[in-house]
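# Tertiary structure, described
This is what each chain is made of:
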Amino acid sequence: MTVVVRNASAKDAVAMHAVRTRVKENVLSHPDAIALADYERLTGQEGEGVVCEHDGVIVGFAIAEVATANVWALFVDPAHERKGIGRALQDALFKAMKRRGLASLWLTTERGTRAEGFYRASGWVECENASSGDARFERSIG
Ligand SMILES: CC(C)(COP(=O)(O)OP(=O)(O)OC[C@H]1O[C@@H](n2cnc3c(N)ncnc32)[C@H](O)[C@@H]1OP(=O)(O)O)[C@@H](O)C(=O)NCCC(=O)NCCS
């Protein structure tokens, strides 16, 4: 078994979206609510993306947008949760965003989810309610 975290590219869009549609929390309102073009844009100049491959299959990914300092996605296939993949993806994303000159990031997540506990446990600080009613977290990566 090999587990690798590497930079994402536009070629990974389909596999990342497959993970995105398999999660059981923070689910998309509709499979087409985001487009493959969004992944392609944000794994290019406009953002940073990382994927985790398990025996060559993408089982998790994280993406952030440089202009807004927003973590746009952090998703792990439910069959691969609780193995440290979320933490490894987050660490790799922080390094990539630091290289792009950012000192802090923000994100929103649904309340009462595993993700909310994950973020609190890894140093994110809740700042306010997002307009959607989700929790908004910020974190220094400096
Ligand atoms: C949230 C998510 C990314 C976490 O990924 P994961 O691979 O299961 O997380 P990890 O195994 O790396 O866990 C990392 C740490 O968080 C801790 N943790 C996870 N959930 C926790 C919780 N609810 N409360 C406290 N700690 C928690 C783990 O104990 C672990 O701590 P350790 O590194 O000290 O052992 C994953 O569960 C997921 O994709 N959820 C569904 C989609 C989602 O909600 N994504 C976020 C969108 S904003």
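## Describing the pairing of strand E2 (residues 47-54)
- Taking burial as the measure, the eight residues of E2 include eight buried ones, the bulk of the element.
- Where burial is concerned, the two faces of E2 agree: the one with Gly47, Gly49, Val51 and Glu53 and the one with Glu48, Val50, Cys52 and His54 are both buried.
- Of the strand pairs in this sheet, strand E1 (residues 3-7) and E2 are connected by five bridges, and their pairing is antiparallel. In the strand pairing of E2, Val5 is matched with Cys52.
- Bridge count for E2 against strand E3 (residues 57-65) is eight bridges, and the pairing is antiparallel. Across the sheet, Glu53 pairs through a bridge with Ile58, a residue of E3.
- Hairpin connection from E2 to E3: two residues lie between these consecutive antiparallel strands, with Asp55 at a positive phi of about 50 degrees.

## A look at the packing of aromatic side chains
- With the rule as written, the count across this model stands at seven aromatic pairs.
- When the ring of Tyr39 is compared with that of Phe61, the centres are 5.9 Å apart and the planes differ by 55 degrees; the resulting orientation is tilted. Pair noted here: Tyr39 is in helix H2 (residues 36-42) and Phe61 is in strand E3, with a separation of 22 residues, a long-range link. An identical accessibility class is assigned to Tyr39 and Phe61; each is buried.
- The interplanar angle of 75 degrees and the centroid separation of 5.4 Å between the aromatic rings of Phe118 and Tyr119 together place this pair among those described as edge-to-face.
- The class of Tyr119 is buried, set by a relative accessible area of 6%.
- Taken together through their ring pairs, the aromatic side chains of Phe94, Phe118, Tyr119, Trp124 and Phe137 make up a single cluster.

## Focus on unusual backbone geometry
- One non-glycine residue, Asn26, lies in the positive phi region at around 50 degrees.
- Along the chain, Asn26 turns up in the loop between helix H1 (13-20) and H2.
- Even without glycine at this site, Arg82 takes up a positive phi of about 65 degrees.
- As for its placement among the helices and strands, Arg82 is situated in the loop between strand E4 (70-76) and helix H3 (85-99).

## Side note on the site of the ligand
- Close to the ligand lie 21 residues; Asn26, Glu81, Gly86, Arg87 and Arg114 are nearest.
- The separation between an oxygen atom of the ligand and a polar side-chain atom of Asn26 is 2.7 Å.
- Starting from 960 Å² of accessible surface for the ligand in isolation, the protein chains cover 73%.
- Looking at the shell around the ligand, the element that brings in the most residues is helix H4 (residues 114-121), giving six residues.
- Partitioning the shell around the ligand into residue classes produces nine nonpolar, six polar and six charged.

## Regarding the nonpolar core
- Counting residues in each nonpolar core, the largest one holds 24 residues, and the members touching the most others are Val71, Leu89, Leu93, Met97, Leu105 and Trp124.
- Residue assignment for this core shows that the elements contributing at least two residues are E2, E3, E4, H3, strand E5 (104-109), H4 and strand E7 (135-140).
- With six residues, H3 is the single largest residue contributor to this core.
- Beyond its immediate sequence surroundings of up to four residues, Val71 is in contact with Ile63, Ala64, Leu93, Leu105, Trp106, Leu107 and Trp124.
- In this structure, Ala8, Met16, Leu28 and Phe61 belong to the second largest nonpolar core, which totals 15 residues.

Basis of the calculations
- Starting from 1, residues in each chain are numbered consecutively following that chain's sequence as written.
- For a predicted model such as this one, the threshold for reporting local features is a pLDDT of at least 70, and the threshold for listing and counting side-chain atom pairs is 80 or more; totals across whole chains, interfaces and linings nevertheless cover every residue.
- Hydrogens and waters are ignored; side-chain quantities use all the structure's heavy atoms.
- The buried label goes to any residue with under 20% of its type's maximum accessible area, the exposed label to any with over 50%, and the partly exposed label to all in between, with areas taken from a 1.4 Å probe on protein chains only.
- Runs of H or I in DSSP of at least four residues are treated as helices and runs of E of at least two as strands, each being numbered from the N terminus.
- A strand pair is defined by DSSP finding two or more bridges across the two strands.
- For this analysis, a ring pair means two rings from Phe, Tyr or Trp (six-membered ring only for Trp) whose centres lie within 6.5 Å, classed as stacked if their planes differ by under 30 degrees, edge-to-face if by over 60, and tilted for the remaining angles.
- For this purpose, a residue is taken to be near a molecule or strand whenever a single non-hydrogen atom of the residue falls within 4 Å of it.
- Between N or O atoms, a polar contact is any pair within 3.5 Å; within protein, one atom must be a potential hydrogen donor and the other a potential acceptor, and residues adjacent in sequence are included only when both atoms are from side chains.
- Computed with a 1.4 Å probe, the accessible areas rest on the Shrake-Rupley method; for each residue, only the protein chains presented here act as cover.
- When residue character is reported, Ala, Val, Leu, Ile, Met, Phe, Trp, Tyr, Cys and Pro are called nonpolar, Asp, Glu, Lys and Arg charged, and the others, Gly included, polar.
- Definition of nonpolar core: a set of buried residues of the types Ala, Val, Leu, Ile, Met, Phe, Trp, Tyr and Cys, connected through side-chain atoms within 4.5 Å.
- Should any heavy atoms of two residues lie within 4.5 Å, those residues are considered in contact.

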